[in-house]
Amino acid sequence: MLWILCLALCALLTCTRADPGARLRLGMDIMNHEVQSAMEESHILEKMAAEASKKRPGVKPIKGITNMKVKDVLLPVITLSFTPGVGIFQCVSTGMTITGKSFMGKNMEIIVVLNITATNRLLQDEETGLPKFKSEGCEVILVSVKTNLPSNMMPNVINKFLDRTLHKVLPGLMCPAIDAVLVYVNRKWANMNAPMPVDQMGSVKYVLTSMPTTTASYIQVDFSPVVQQQEGNTIELADAGEAAELPEDSAEGSSQLLLSAAFLTAELALLQKSFNLNVHDTMIGELPPQTTETLADFIPEVAEAYPKPKPLVTQIRINKPPKVTMKTGKSLLHLHGTLEMFAARRRGKAPVSLFLLEAHFNLKIQYSVHEDRLQMATSLNRLLSLSQESSSIGAFDEKELTGFITDFLREAYIPAVNDVLQVGLPLPNFLDMNYNLAELDIVENTLVLDLKLD
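Rules used throughout
- Residues numbered from 1 in each chain as written.
- Predicted model: local features only at pLDDT ≥ 70, side-chain atom pairs only at ≥ 80, totals over all residues.
- Heavy atoms only, no water.
- Disulfide = S-S within 2.5 Å.
- Helix = DSSP H or I, 4+ residues; strand = E, 2+ residues; numbered from the N terminus.
- Patch = residues over 30% accessible without salt bridge, like charges linked within 9 Å, V, L, I, M, F, W, Y side chains within 5 Å.
- Areas by Shrake-Rupley, 256 points an atom, 1.4 Å probe, with all protein chains shown as cover.
- Salt bridge = Lys/Arg side-chain N within 4 Å of Asp/Glu carboxyl O.
- Lys, Arg positive; Asp, Glu negative; His and termini not counted.
- Charge placed at Lys NZ, Arg CZ, Asp CG, Glu CD.
- Pairing = 2+ DSSP bridges.
- Contact = heavy atoms within 4.5 Å.
- Axes fitted to C-alpha atoms, helices over the stretch in contact; angles between N-to-C directions.
- Buried < 20%, exposed > 50% of the residue type's maximum accessible area, 1.4 Å probe, protein only.

Within the structure shown, the criterion is met by 1 disulfide. Disulfide pairing is shown between C138 and C175; the S-S distance is 2.0 Å. Residues C138 and C175 are joined through a disulfide that is left-handed, its torsion about the S-S bond being -90°. Of this pair, C138 sits in strand 6 (residues 131-147) while C175 sits in helix 4 (residues 155-187); the two residues are 37 residues apart in sequence, bridging distant segments of the chain.

Right, dumping it as structure tokens:
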């Protein structure tokens, strides 16, 4: 019985990933901006006021007031605070003027200043799997009331009339505004888990790992990204161990997107075949002519086999998935593959293989953002190893080629890699985020995008 329990526990631990692949932390800066924008762009309070002024079939008029209209709605002031484990507590401060004919037969004006409070619970939509907010416990709290009704005449009657009128009008008018604003915000999550192409090689889909969580400082959304090849095969993310953590100097209330090295590795696996290269050019950048004569300066055996210079053809094949590593302040792209050099022959004849080398080298990555794509530009960091697999020109010391191969990689291969990387890697589409303003930082196994507002 005990060994069955152990097996079950091991299976559970195996299925649980400490590293979510990508993590989004939304601080109060972005949430304030989104709710304020939704309130302003939707003009919801004005629409509600206009709706309240209409006669609606099936709705009983308020006793003691006729021809009711709502006007002069003040620009709302919105205050938000995180409620741990729940979502966001929202307070909207605004004001308006209610007009109409009173029970006394005179024109009436009621000028009110009020607060609308509600808890916006953060949930995960069961159908779409997307985050969504849902309001709960909406209340309308009167801050001040002014009226042109004669309060010195029948004050109890007037106060009772105002209290009854406002408590009937305001909740039905204001609370739907909170719901409408959340609908507006929720729409901005709608495309977040849609597949996004990576050139013609596959796609990336940001899928929520679990329900978003709320702390006293931020909302956290963990993703288990699905990286899928064009043929439909899914590239699994390597388990990177502990989940990524923010740098200690992150500003209070700020927002970040964290991308793990394991996730970027999986995305670049989509481009592995694109990193293969055939080079036929004799003149490349500042390199000496790519001929057997130049190669013979490093391997004398080449001159014996080819006394007359022949153009070189170089073929690079990446035979292992690319791997991204990150240490604080530095990120590397590791490539393992073969480098084979050929002596070209006359037209119609296949080139002759001179030698085949196994190579391991790494490139330094410089990250940037363009629109909704993460961009990478690389430069050669180091040629780590060369080993000879085969040779048609006899045995030679491949170490003698280190400088020659290093220069070739820098001048011929790295520019081709950078051309491939121009496709960019897609970033999650949420809340109309403008990534162009993000500040990037490299920490242990994680790329941090510090998100900024316009």
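This part is about a positive patch on the surface. A contiguous patch of positive charge on the surface is contributed by K308, K310, R345, R346 and K349. The topology assignment puts K349 in the loop between strand 17 (330-343) and strand 18 (352-370).

This part is about the pairing of strand 8 (residues 202-205). Two strands pair when backbone bridges link them, and strand 7 (residues 196-198) and strand 8 are joined in this way by 3 bridges, in the antiparallel orientation. The residue bridging M196 from the neighbouring strand is V204, located in strand 8. Sheet topology note: the strand 8/strand 11 (residues 226-229) ladder contains 4 bridges and is antiparallel. Opposite K205, over in strand 11, you have V226 as the bridge partner.

Let us now look at the sheet that holds strand 21 (residues 439-443). Ordered by their spatial adjacency, 6 strands build an open sheet running 9-10-1-13-22-21, and the pairing between neighbours is antiparallel. Only two strands of the sheet have a single partner each, and these edge strands are strand 9 (213-214) and strand 21. Helix 2 (residues 28-42) contacts strand 1 (22-26), strand 13 (255-260) and strand 22 (446-451) of the sheet and is inclined by roughly 70° relative to strand 1. The strands touched by helix 5 (residues 261-269) within the sheet are strand 1 and strand 13, with strand 13 carrying the most contacts at an inclination of about 60°.

Pairing in this open sheet of 4 strands is antiparallel, and the strands run 7-8-11-12 from one edge to the other. The open sheet has two edge strands with one neighbour each: strand 7 and strand 12 (234-235). The strands that helix 5 touches are strand 8, strand 11 and strand 12; relative to strand 11, the one it contacts most, it runs at about 15°.

Moving on: the environment of E267. With respect to the secondary-structure elements, E267 resides in helix 5. Sequence separation of E267 and L425 is 158 residues, and the distance between their C-alpha atoms is 7.3 Å. Sequence-distant contacts of E267, defined by excluding residues within four places in its chain, comprise V204, V227, L425 and P426.

Under the defined criterion, the tally for this structure stands at 9 salt bridges. Of the charged contacts, one joins E136 and R121 as a salt bridge, the two residues approaching to 2.8 Å between their closest N and O atoms. Note that E136 is positioned in strand 6 and R121 in strand 5 (residues 107-124), a separation of 15 residues in sequence. Given a relative accessible area of 32%, E136 falls into the partly exposed group. For R121, a relative accessible area of 28% gives the class partly exposed.

Topologically, L374 is positioned in strand 19 (residues 373-391). In this structure, the C-alpha to C-alpha distance between L374 and L421, residues 47 residues apart in sequence, is 9.6 Å. In this structure L374 touches L259, L264, Y367, S368, V369, G424, L425, L427, L440 and L447, once residues within four positions along its chain are discounted.

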